[in-house]
Amino acid sequence: MKITKAKVIVCRPGRNFVTLKVLTDEGIFGLGDATLNGREKAVVAYLEEHCIPALIGKDPQNIEDLWQYFYRGAYWKRGPVTMTAIGAIDMALWDIKGKALDTPLYNLLGGKSREQVLVYAHANGQNIRAAVEAAQARMEEGFKAVRVQSGFPGMSHPYGVPGEDEDYEPAQRGLPVTEYWDTSKYLKSVPRLFDKLRAELGDNVHLLHDVHHRCTPSEAALIAKRLEPYDLFWIEDPVSGELQEGLRMIRAQSATPVAIGEVFNSIYDYTTLFTEQLINYFRMPLVHGGGITHLQKVAAFASVYHIRTGFHGATDLSPVNLAASIHFDLAVNNFGIQEYMPHQEVVHEVFTVPYRYQEGVLLLDEVPGIGVDIDEEKAKQYPYQMASLPVNRKSDGTMFYW
Ligand code: KDG
Ligand code: MG
């Protein structure tokens, strides 16, 4: 089998998505997600200028060798743009292999370890009352795990908490907007939020919380300690993970489980975190972490240390990534949980998907490969528009430095 062509499809059904389509001489094609929120065109250029020319004529069945070719061959390893481009190629090649062998991707990854994938939903509110009501609404929809974020006095729209009647979408059109953050207000409010949640929702739901890298290690240790009585499933990104040793302080103070890694892209981002068992869940998604081939190695490394998957699954990752993640989640032994935010309806005019939500889990149809298709004509009706994630300043104007 030979790769004859590969193209990058950029579209904006409600938000920007970048999709790689790899075609072969046997008429089989594969899709990969290449969306890097706010930096979409950098990945497009990386793929079009450097990777696609080198893909033509290669045998798509040799996935491991092609992964190493693009990772090692560039000399410049790692980084979100590089790893997203490699991730898209890798996903597309696994999709081709599944279609060529007429079997779902999860079969190629060792077969099913479970029949369904536990997911967590998002519940956001501009204040504690609204957040509690949003969490109740998710539970009524059947979710067994809910991530809860709220605004608090002096900060009704912290990062990731949409305004009333707005969809979750931290990237805004054009250049970045500036948001402000006050850690001391946050540290006081977040235990109040979870106190209220446990009082009103009871113990029969997993509660999660995303700190969005806003704390220093000692502040994060304080949060982990203060939230201990509420038995969280995890706190996420309590600190920015570049300083892996920073997580030691959180562990020393608290047994609250920790998830990290949605902005990581390499197995080397995890060496201290895994070997010292400083986290419980790793979040690096297939799309930004070099694809299925690399994540298999990361998951195997994590499993040695009792660390489980908790893949990032926000709506800025395309349905191709979500479907591939569900295959991975079904197959991998050390699965933990999958983030699930449903895409807007308009996204499904462009992408047809093999998964469906039911009572707190995602189920997958028996389809060869990843099982997502893209309607290229429809995609043309939704052209790209530049959008950026916000920048963050402390309330005195200082840029965040971690
Ligand atoms: O592009 C940024 C989003 O993916 C991020 O804000 C979502 O933190 C996030 C999460 O946990 O889903
Ligand atoms: Mg997050």
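Fair warning: this is a prediction, and the values are worked out from it, not measured in the lab.

Engineer: Please set out the packing of helix α2 (residues 63–73) against helix α3 (residues 80–100) residue by residue, giving values where relevant.
Structural biologist: Between α2 and α3, whose axes approach to 10 Å, the crossing angle comes to 165°. Relative to α3, the element α2 lies roughly antiparallel. Remark: the crossing between α2 and α3 carries right-handed chirality. For the pair formed by α2 and α3, the contact residues are Ile 63, Leu 66, Trp 67, Phe 70 and Tyr 71 on the first element and Met 83, Ile 86, Ile 89, Asp 90, Leu 93, Trp 94 and Lys 97 on the second.

Engineer: Explain the pattern of salt bridges residue by residue, including any values.
Structural biologist: Considering all chains together, one arrives at 21 salt bridges under this definition. Where Lys 112 meets Glu 115, a salt bridge forms, and the shortest distance between an N and an O atom there is 3.1 Å. On the basis of relative accessibility, which here comes to 35%, the residue Lys 112 falls in the partly exposed class. Look at Glu 115 and you get exposed, because its relative accessible area is 52%. Note that Glu 276 and Arg 248 form a salt bridge whose closest N and O atoms lie 2.8 Å from each other. Taken together, the residues Glu 276 in the loop between α9 (271–275) and β11 (281–282) and Arg 248 in helix α8 (residues 247–253) connect sequence positions 28 residues apart. One network of salt bridges, with partners in common, ties together Arg 129, Glu 133, Lys 196 and Glu 200.

Engineer: I'd like a description of the site of ligand 1, backed by residues and values.
Structural biologist: Asn 37, Tyr 159, Glu 262, Asp 316 and Glu 339 are the nearest of the 16 residues found near ligand 1. A distance of 3.1 Å is found between an oxygen atom of ligand 1 and a side-chain nitrogen or oxygen belonging to Arg 147. At a separation of 3.1 Å, an oxygen atom of ligand 1 approaches a polar side-chain atom of Arg 283. Considered on its own, ligand 1 offers 330 Å² of accessible surface; in the complex 95% of this is hidden by protein. According to the grid-proximity analysis, the pocket containing ligand 1 is the largest pocket. For the shell around ligand 1, the per-class residue count stands at five nonpolar, four polar and seven charged.

Engineer: So what's going on with empty space enclosed by the protein? Which residues, and what values?
Structural biologist: Tallied over the entire structure, the rule returns three cavities of 30 Å³ or more. Approximately 130 Å³ is the volume found for the largest cavity. Surrounding the largest cavity, 16 residues form its lining, Gln 149, Ser 150, Phe 152, Trp 181 and Tyr 186 being those nearest its centre. Among the secondary structure elements, those contributing two or more residues to the lining of the largest cavity are β5 (145–150), α6 (183–201) and β8 (206–210). Per-element tally for the lining of the largest cavity: the top contributor is α6, with four residues. For the lining of the largest cavity, the residue count by class is nine nonpolar, five polar and two charged. By volume, the second largest cavity is sized at about 50 Å³. Considering the residues around the second largest cavity, the lining is formed by Ile 63, Leu 66, Trp 67, Phe 70, Ile 86, Ile 89, Asp 90 and Leu 93. Going through the elements one at a time, α2 and α3 are the ones with two or more residues in the lining of the second largest cavity. Broken down by class, the residue content of the lining of the second largest cavity amounts to seven nonpolar, no polar and one charged.

Thresholds, definitions, all that
Residues numbered from 1 in each chain as written. Chains lettered and ligands numbered in written order. Predicted model: local features only at pLDDT ≥ 70, side-chain atom pairs only at ≥ 80, totals over all residues. Heavy atoms only, no water. Axes fitted to C-alpha atoms, helices over the stretch in contact; angles between N-to-C directions. Helix = DSSP H or I, 4+ residues; strand = E, 2+ residues; numbered from the N terminus. Parallel < 35°, antiparallel > 145°, perpendicular 65-115°, else oblique. Left-handed = near helix turned anticlockwise from the far one by under 90°. Contact = heavy atoms within 4.5 Å. Salt bridge = Lys/Arg side-chain N within 4 Å of Asp/Glu carboxyl O. Buried < 20%, exposed > 50% of the residue type's maximum accessible area, 1.4 Å probe, protein only. Near = heavy atom within 4 Å. Polar contact = N/O pair within 3.5 Å; in protein donor to acceptor, adjacent residues only side chain to side chain. Areas by Shrake-Rupley, 256 points an atom, 1.4 Å probe, with all protein chains shown as cover. 1 Å grid on protein atoms, 1.4 Å probe; cavity = no way out; pocket = protein on both sides within 12 Å on 5 of 7 lines; lining within 4 Å. Sits in = over half its atoms within 2 Å of the grid points. Nonpolar A, V, L, I, M, F, W, Y, C, P; charged D, E, K, R; others polar. Points joined across faces, edges and corners; volume = space filled by probe spheres on them.

None of this, on its own, says anything about what the molecule does.
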